[in-house]
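Chains, contacts and geometry: an overview
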Amino acid sequence: DTSLSPRVKSLKPSKTMVITDLASTLVQSGVPVIRLAAGEPDFDTPRVVAEAGVNAIRDGFTRYSLNAGITELREAICHKLKEENGLTYAPDQILVSNGAKQSLLQAVLAVCSPGDEVIIPAPYWVSYTEQARLADATPVIIPTKISDNFLLDPKDLESRLTEKSRLLILCSPSNPTGSVYPKSLLEEIARIIAKHPRLMVLSDEIYEHIIYAPATHTSFASLPNMYERTLTVNGFSKAFAMTGWRLGYLAGPKHIVAACSKLQGQVSSGASSIAQKAGVAALGLGKAGGETVAEMVKAYRERRDFLVKNFREMEGVKISEPQGAFYLFIDFSAYYGAEAEGFGLISDSSSLALYFLDKFQVATVPGDAFGDDTCIRISYATSLDVLRAAVEKIRKALEPLR
Ligand code: PLP
C-alpha cells in the first residue's frame, strides 16, 4: 500500500497484543481461556492511590498540567530517586509522561540520529527494536544465553560496539526473562561505556520494586561516571498496579530531558493531571512502595516459586529462575519438530504458543516476539489457582509431543 509511510509500514505490531486480542476473541465467543499473556498486575490500584485520583477529579484538578508534569510529582520523584537509588536530580531533570513507553520512545527519538545503532540485548521487551526503527536508527541485537541467566556478556557488548553505537538499552529486572543485573556486572558494562564517549544507556527500571531478595536493584546512573551517560526510565504501571492510569517518567541530564520535553510538547503535552495526583500518593506509600507493594511482591514470589518448581520437573523444559518482574521465560525448544495430533507441526515458539491456545486454551507469548525463538513467556501476574490449572494444561499439552 503506497498510501502509507515507509516508517509505519516497516513497524511490527506489538505481538503481545496480537495474542492478547486473539485470547479476548476466544473469551468473547464463550471459550474459557487461561490468560498468561498480558504484562499486567492482577491486583487493583492500592486504595489510597485510587482515592487520590478520585479526589483530584472532585477537587477540579482536571486541567492541563505543566508539560513536564506537576511540580509536586516531580519533586516526589526526585525524593524517591535520592532515597532509593542514590541519585540526585532536580525537578527540571524529570519528565513525566503517559506511561514509561512514551518516556522510552521520546528518549530514543531525542538522542538517535538516522543510522545510529541502538544496542539491545535479547531477549528484549518488544517495543525497544520498533522504537529504534521509528528514530531511523538500527537495532543491533546481542543474544544472551539461558545458561547465563539471560544476562549480557560484557565481551559480546564490547565486540559489537562501533562509532555508530549511540544507545544501549538495559532492562533490569527484565521483561521477558525476570533476570536482574547484579551490580558487579553493571560495573563491568559501565567500564565499557566509559570507553565509548558517544554511547549512552537507556535504563528501563520499571520493574525495580518487583524483585526477590537476595537480588537487589542497582540504578545504572548511580555507577561511577555514568550519571551523565544514563537516561533512567521508570513508571507506576507495574509496582503500583496502575497500568490504566498511564504514568511514567524519565530522569537524566538536563539538556536531554529538555529535548524530550520539547518533543512531548508537540505530541501529547503533560500527562493526565488526575493520574499525576495518584502518582504522588503512590510515592507517598513509603520506600519501595512500603507494605502495600511488599504484599504484592510476596504474592508474586510465591507464584514464581510454584512455577519454577513445576517447570523444573517437566521433561525437556529449561528455565532460569527469575529474580524479579512477573514473567517466566521457558525454553521449550526440545519439543520443536514434534507433530501434534489435530494441530500439525510444532516448529517454533509461535506454533507452540498457538497450540497451547488453540488446543489447551492457555494464552502465552511466543519468545520470537522478544527476539528468542527457543522460549515462550508466561506472565504470573495471576492467582495461584489459575497458575495451577495452567501448569496442568501445559503438562498435558507436552505429553503427546514427546
Ligand atoms: N518497559 C517494560 C520493560 C515494560 O514491560 C513495560 C510494560 O509492559 C513498559 C516499559 C511500559 O510501561 P507503561 O507504559 O505502562 O508505563
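In what follows, the structure referred to is the one given above.
Below, the structure is looked at part by part. (Residues numbered from 1 in each chain as written. Predicted model: local features only at pLDDT ≥ 70, side-chain atom pairs only at ≥ 80, totals over all residues.)

1. Concerning the pairing of strand 7 (residues 230–235)
The element strand 7 is extensively covered by neighbouring structure, given that six of its six residues are classed as buried. Side chains of strand 7 alternate between two faces, with T230, T232 and N234 and L231, V233 and G235 buried alike. Examined bridge by bridge, strand 6 (residues 200–204) and strand 7 share four bridges and lie parallel to one another. Among the inter-strand pairings, L202 is bridged to a residue of strand 7, identified as L231. Bridge count for strand 7 against strand 8 (residues 248–251) is four bridges, and the pairing is antiparallel. (Buried ≥ 20, exposed ≤ 12 C-beta atoms within 10 Å, placed from the backbone. Helix = DSSP H or I, 4+ residues; strand = E, 2+ residues; numbered from the N terminus. Pairing = 2+ DSSP bridges.)

2. Observations concerning the sheet that holds strand 9 (residues 327–331)
Hydrogen bonds between backbone groups are what pair the strands of a sheet, and the pairing can be parallel or antiparallel. The three strands lie next to each other as 9-14-13, forming an open sheet whose pairing is antiparallel. Lying at the two open borders of the sheet, with one neighbouring strand each, are strand 9 and strand 13 (365–366).

3. With respect to the environment of T20
Mapped onto the elements of the fold, T20 is located in helix 2 (residues 15–28). By the C-beta count within 10 Å, which is 18 here, T20 ends up partly exposed. Sequence-wise, T20 and A38 are 18 residues apart; in three dimensions their C-alpha atoms are separated by 6.5 Å. Ignoring anything within four residues of it in the chain, the contact list for T20 reads A37 and A38. (Contact = placed C-beta atoms within 7 Å.)

4. Description of helix 10 (residues 273–283)
Owing to its 3.6 residues per turn, the α-helix brings residues three or four apart onto one side. By the criterion of burial, helix 10 is predominantly enclosed, with eight of the eleven residues buried. Burial in helix 10 covers these residues: A275, Q276, K277, A278, G279, A281, A282 and L283. Buried residues along helix 10 sit against helix 3 (47–58), helix 4 (71–85) and strand 2 (94–97).

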